[in-house]
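Close look at the chain arrangement
Residue-level listing of the chains:
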2 protein chains.
Amino acid sequence: MARSPKTAGKGRKLSNFLCFAVYSANLAFGRAYKPLLDKVGLTYTQYIALVALSDEDEQTVSALGEKLFLESNTLTPILKKLEQMGLIKRHRDPADERQVRLSLTPAGRKLIEQDLGGSLIEATGLGDDFPVVQKTVSELRDNLLRATKADD
Amino acid sequence: MARSPKTAGKGRKLSNFLCFAVYSANLAFGRAYKPLLDKVGLTYTQYIALVALSDEDEQTVSALGEKLFLESNTLTPILKKLEQMGLIKRHRDPADERQVRLSLTPAGRKLIEQDLGGSLIEATGLGDDFPVVQKTVSELRDNLLRATKADD
DNA sequence: GGATTATTAATCGTATCCGATCTAATCGGA
DNA sequence: TCCGATTAGATCGGATACGATTAATAATCC
């Protein structure tokens, strides 16, 4: 794993792994959001997917997958669940039957408007650094994805 | 989700969610490490667990869980797999039969010594900011966990 | 225009995560 | 000492992730 150059050598502690910091921060977010999402009966991933769908109507599964960095093997079950909950609609595109178009139902849109978890900004303890951290972590992600893609 | 105060209001795009940045950065790390870990037949989580175990001998499952922010429901299957691969040993503590003690085998230690993924530091594209990001993300995690624990 | 190739979702198997529950072992107080 | 409470792992069911494969539809090429 990516260790700080500073600590290369003997100390192979978890605290020296950036990947572990990200891994565990992700776990922490999942737990922080859980009480909020439980109220509306959604999981973390389901909510993220719903937010991504609220961005634009009639997206395809692949288009959604690009935003979430996921593919149909992961998304299909989630989307079926969201449809079953009455939050989204799924239908084959008549112009290209291979594609499935996705759109929020009024119920789905209403849920998104609630803006759950805005309150959690406080809990991050980041204050004014919030946007900076967000940007840094996003760039980290993009760099890793680029590097991974590169040596295919 | 935690949006930047700056962007509160209309724009509910994924890029405004810190949790999504962390979520997707974690996915990206998993993919970046995959080719390296495939070589030794380990998964991301299994490797993290092994690193945590290399830190100290004869840890209990709970102690390991505290480091990884995981519990026995998640760890037990992983530890059984690692034992089955001959990388760790599991045995009940004679002094307290409720506890299971964990230790690396020579094979497990040898694998850790290889220091896989040190090469990935480059791919993060962080340069000198590496330690700063690591620290920031770790603190973010700790703040979230603390805030979550607080309202139990 | 018919065969080949490519694309899009869906399906399947494996490995996490997590809440809830269970069992065995230990502890503590009357 | 005896019994209820606590603790440590393990088990189970539901929900992600992901590689590999498949089925259906579209595009392409000769």
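Residues numbered from 1 in each chain as written. Chains lettered and ligands numbered in written order. Predicted model: local features only at pLDDT ≥ 70, side-chain atom pairs only at ≥ 80, totals over all residues. Heavy atoms only, no water.

As recorded in an unreviewed UniProt entry, chain A goes by MarR family transcriptional regulator and comes from Bradyrhizobium huanghuaihaiense. Of the comments in the UniProt record for chain A, the one headed Subcellular location (unreviewed entry) reads "Cytoplasm". (UniProt positions renumbered as here; feature names shortened; annotations may be inferred.)

Before going further, it helps to examine the interface of chain A and chain B. Facing 64 residues of chain A, the contacting portion of chain B comprises 64 residues. A buried area of about 6200 Å², summed over both sides, lies between chain A and chain B, and 69% of it is on carbon and sulfur atoms. Viewed at the interface, chain B and chain A are joined by zero salt bridges. Applying the counting criterion to the chain A and chain B interface returns eight residue pairs in polar contact (both at pLDDT 80 or more). If you tally residues by element for the side of chain A that touches chain B, the top one is helix α1 (residues 18–40) of chain A, at 15 residues. Its residues assigned to classes, the side of chain A that touches chain B shows 39 nonpolar, 16 polar and nine charged. (Contact = heavy atoms within 4.5 Å. Buried area = accessible area lost by both parts, 1.4 Å probe. Salt bridge = Lys/Arg side-chain N within 4 Å of Asp/Glu carboxyl O. Polar contact = N/O pair within 3.5 Å; in protein donor to acceptor, adjacent residues only side chain to side chain. Helix = DSSP H or I, 4+ residues; strand = E, 2+ residues; numbered from the N terminus. Nonpolar A, V, L, I, M, F, W, Y, C, P; charged D, E, K, R; others polar.)

If charged atoms from side chains of opposite charge come close, those side chains can pair. Residues and elements named next belong to chain A. Under the criterion given, the structure shown has 18 salt bridges over all chains. Note that E83 is salt-bridged to R90, the shortest N-O span being 3.1 Å. Residue classification places R90 among the partly exposed positions, given a relative accessible area of 25%. Its salt-bridge partner being D142, residue R141 comes within 3.0 Å of it at the nearest N-O pair. Judged by relative accessible area, D142 falls into the partly exposed class, the value being 31%. Each of D55, E56 and K67 takes part in a single network of salt bridges with overlapping partners. (Buried < 20%, exposed > 50% of the residue type's maximum accessible area, 1.4 Å probe, protein only.)

Surveying the vicinity of DNA strand C reveals 28 residues, the closest of which are R31(A), S62(A), R90(A), T43(B) and Q46(B). Separating a phosphate oxygen of DNA strand C from a backbone N or O atom of V61(A) is a distance of 3.2 Å. At 3.3 Å, a backbone N or O of E97(B) approaches a phosphate oxygen of DNA strand C. Those elements giving two or more residues to the surface near DNA strand C turn out to be α1, α3 (61–68), α4 (72–84), β2 (88–93) and β3 (96–104) of chain A together with α2 (44–54), α4 (72–84) and β3 (96–104) of chain B. Partitioned by chemical class, the residues of the surface near DNA strand C number seven nonpolar, 11 polar and 10 charged. (Near = heavy atom within 4 Å.)

Another point: the sheet that holds β3(B). Residues and elements named next belong to chain B. The three strands lie next to each other as β1-β3-β2, forming an open sheet whose pairing is antiparallel. Only two strands of the sheet have a single partner each, and these edge strands are β1 (59–60) and β2 (88–93). Judged from the six bridges that link them, β2 and β3 form a sheet pairing that is antiparallel. When the bridges of β3 are listed, R92 appears paired with V100. In the packing of α4 onto the sheet, contacts are made with β2 and β3, and the angle to β2 comes to roughly 120 degrees. (Pairing = 2+ DSSP bridges. Axes fitted to C-alpha atoms, helices over the stretch in contact; angles between N-to-C directions.)

This part covers the protein's contact with DNA strand D. In the region of DNA strand D, 27 residues are neighbours, and T43(A), R31(B), S62(B), T76(B) and R90(B) sit closest. Considering the 4 Å shell around the protein, atoms of DNA strand D inside it are sugar or phosphate in 70% of instances. Within the contact set of DNA strand D, a sugar or linking oxygen lies 3.2 Å away from a side-chain nitrogen or oxygen of R98(A). Within the side chain of T76(B), an N or O atom sits 2.6 Å from a phosphate oxygen of DNA strand D. Listed by contribution, the elements that provide at least two residues to the surface near DNA strand D are α2 (44–54), α4 and β3 of chain A together with α1 (18–40), α3 (61–68), α4, β2 and β3 of chain B.

Residue and element names in this part refer to chain B. As a packed pair, α2 and α4 sit with axes 10 Å apart at the nearest point and diverge in direction by 80 degrees. Judged by the angle between their axes, α2 and α4 are roughly perpendicular. For the pair α2 and α4, the contacting residues are T45, Q46, A49, L50 and L53 in the first and I78, L79, K81 and L82 in the second. Of the residues assigned to the contact of α2 with α4, the class counts are six nonpolar, two polar and one charged. (Parallel < 35°, antiparallel > 145°, perpendicular 65-115°, else oblique.)

Take the UniProt feature "domain: HTH marR-type" (unreviewed entry) in chain A next. Sequence positions flagged by UniProt for "domain: HTH marR-type" (unreviewed entry) are, in local numbering, residues 15–149 of chain A. With 61% helix and 13% strand, the stretch residues 15–149 of chain A has end C-alpha atoms that lie 27 Å from each other.

On to the nonpolar core. Formed by 97 residues in total, the largest nonpolar core has its most connected members in L68(A) and L68(B). Both of domain 1 (17–114) and domain 2 (117–152) of chain A provide at least three residues apiece to this core. Apart from the residues lying within four places of it in its own chain, the contact partners of L68(A) are I48(A), A49(A), A52(A), L75(A), L14(B), F20(B), Y23(B) and L27(B). (Core = buried A, V, L, I, M, F, W, Y, C linked by side-chain atoms within 4.5 Å. Domains from an automatic or database assignment.)

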